[in-house]
Amino acid sequence: MNKKFAIGIVTYRPDAQRLKENIDAASSQPETGEILIADNDKGENVGMACGLNQLCRRAIELGYEWIVTLDQDSVMQPGMLSDFSHYIDRNDVGIICPRIEDRNMGRQYARSDKGIDYIEQCITAGNLVRLKAWEDVGGFSEELFIDGVDFDFCIRIRQNGYKILRTNNVFLLQEVGHGRAIHLPFGKQISIGNHPPLRLYYISRNFLYIGKRHHQFMHWAIEVFKRMLIVLFFETNRREKIRFMLTGIRHYKAGIMGKSKICE
């Protein structure tokens, strides 16, 4: 088996300069093997989950045991893969992930005094995924198409006896939507996603689906409600965004999954 890590990048109409920065950052790390790209702008857009599954299958064909999953906006920091490599001998670990630094928010998520933490969920970008674990859980859920793919995968990883390890020594530069931070009284701060309406459709529909699928409905319904409140109070284009979110809720109830026809 290959001792290096495959790098898998899912793209859709990427910014050329940012994608180059992404690839250069990966190429500079000694642990990097082949860099694989699933381009959803060639032919039909098959979604994030399908793209990730294509990358994982190809990495296995090439003899890899691990793959780093990235999107077109993710930029690994120097030494990230070296740090990850310290934990790959832990047989119960299915995902190794870094902390996330958001370019727009100007902050790092999940600061910790510990070297590592075992966590419940993480976003797809910057993960080192054990391909045996990917096989064991049946891959990424393609019926979700995009949003919630990572959270659903994390839940199934843990349900199958694997752990998610976050190393706090390294971080990944990422853009979560077109976000910004709002500062409230008493030192409180909330994150404004500023996602386009179609993304909010998928978030609403898929979060409710995940909640039902994993018997966590109230938790995920509250997440959808919170995002609605943020849109209403802090974002622009409120009417269209709420309309798309309500459509997502209706489609969840009707069992409509996969790529939405409203984007055609």
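Preceding block: the structure.
The paragraphs below set out a description of the structure included in this document.

The grouping of Phe225, Leu229, Leu232 and Phe233 at the surface amounts to a nonpolar patch, some 420 Å² of accessible area in total. Assignment of secondary structure puts Leu232 in helix H7 (residues 217–234).

Time to look at the nonpolar core. By size, the foremost hydrophobic cluster in this structure holds 44 residues, and its most contacted members are Ile67, Ile95, Phe140, Phe153, Ile157 and Ile164. Excluding residues within four positions of it along the chain, Ile95 makes contact with Cys122, Asn127, Leu128, Val129, Phe153, Cys154, Ile157, Lys163, Ile164 and Leu165. Listed in part, the 21 residues of the second largest apolar core include Ile7, Phe84, Val93 and Leu172.

Here the focus is empty space enclosed by the protein. In this structure the tally under the stated criterion is one cavity of 30 Å³ or more. Reported here for the largest cavity is a volume of approximately 30 Å³. In this structure, the largest cavity is lined by Thr69, Ile95, Cys122, Thr124, Asn127, Val129, Phe140, Asp150, Phe153 and Cys154. Contributions of two or more residues to the lining of the largest cavity are made by strand S8 (127–130) and helix H5 (149–159). The dominant element in the lining of the largest cavity, judged by the number of residues it contributes, is H5, at three residues. Residue composition of the lining of the largest cavity, grouped by class: six nonpolar, three polar and one charged.

Glancing now at H5. For H5, the tally of buried residues reaches nine of 11 residues, placing the bulk of the element in the interior. Buried within H5 we find Val149, Asp150, Phe151, Asp152, Phe153, Cys154, Ile155, Arg156 and Ile157.

Each regular strand displays side chains that alternate between the two surfaces of the sheet. The pairing of strand S1 (residues 5–11) with strand S2 (residues 32–39) spans six bridges and is classified as parallel. Residue pairing for S2: Val10 is matched across the bridge by Ala38. Regarding the hand of the β-α-β motif, the stretch spanning S1, helix H1 (residues 16–27) and S2 is right-handed.

Below, the discussion takes up the pattern of salt bridges. By the definition in use, this model includes 14 salt bridges. Put simply, Glu143, Asp152, Arg156 and Arg213 are held in one network by salt bridges that share partners.

Right, let's get into the environment of Asp83. By the element assignment, Asp83 lies in helix H3 (residues 80–84). The exposure class assigned to Asp83 is buried, which follows from its relative accessible area of 10%. Along the primary structure Asp83 and Asn169 are separated by 86 residues, whereas in three dimensions their C-alpha atoms are 7.5 Å apart. With sequence-adjacent residues up to four places away left out, Asp83 is seen in contact with Thr167, Asn169 and Val170.

Below, the discussion takes up the environment of Asn169. With respect to the helices, strands and loops of the structure, Asn169 is situated in strand S9 (residues 163–174). Under the relative-accessibility criterion, Asn169 is labelled partly exposed at 49%. For the pair Asn169 and Phe84, spaced 85 residues apart in sequence, the C-alpha to C-alpha distance is 9.6 Å. Reaching out from Asn169, the side chain makes a polar contact with the side chain of Asp83 at a distance of 3.4 Å. For Asn169, the side chain forms a polar contact with the side chain of Thr167, separated by 3.4 Å.

Parameters and conventions
- Residues numbered from 1 in each chain as written.
- Predicted model: local features only at pLDDT ≥ 70, side-chain atom pairs only at ≥ 80, totals over all residues.
- Heavy atoms only, no water.
- Patch = residues over 30% accessible without salt bridge, like charges linked within 9 Å, V, L, I, M, F, W, Y side chains within 5 Å.
- Areas by Shrake-Rupley, 256 points an atom, 1.4 Å probe, with all protein chains shown as cover.
- Salt bridge = Lys/Arg side-chain N within 4 Å of Asp/Glu carboxyl O.
- Helix = DSSP H or I, 4+ residues; strand = E, 2+ residues; numbered from the N terminus.
- Core = buried A, V, L, I, M, F, W, Y, C linked by side-chain atoms within 4.5 Å.
- Buried < 20%, exposed > 50% of the residue type's maximum accessible area, 1.4 Å probe, protein only.
- Contact = heavy atoms within 4.5 Å.
- 1 Å grid on protein atoms, 1.4 Å probe; cavity = no way out; pocket = protein on both sides within 12 Å on 5 of 7 lines; lining within 4 Å.
- Points joined across faces, edges and corners; volume = space filled by probe spheres on them.
- Nonpolar A, V, L, I, M, F, W, Y, C, P; charged D, E, K, R; others polar.
- Pairing = 2+ DSSP bridges.
- Right-handed = clockwise from strand over helix to strand, strands pointing away.
- Polar contact = N/O pair within 3.5 Å; in protein donor to acceptor, adjacent residues only side chain to side chain.

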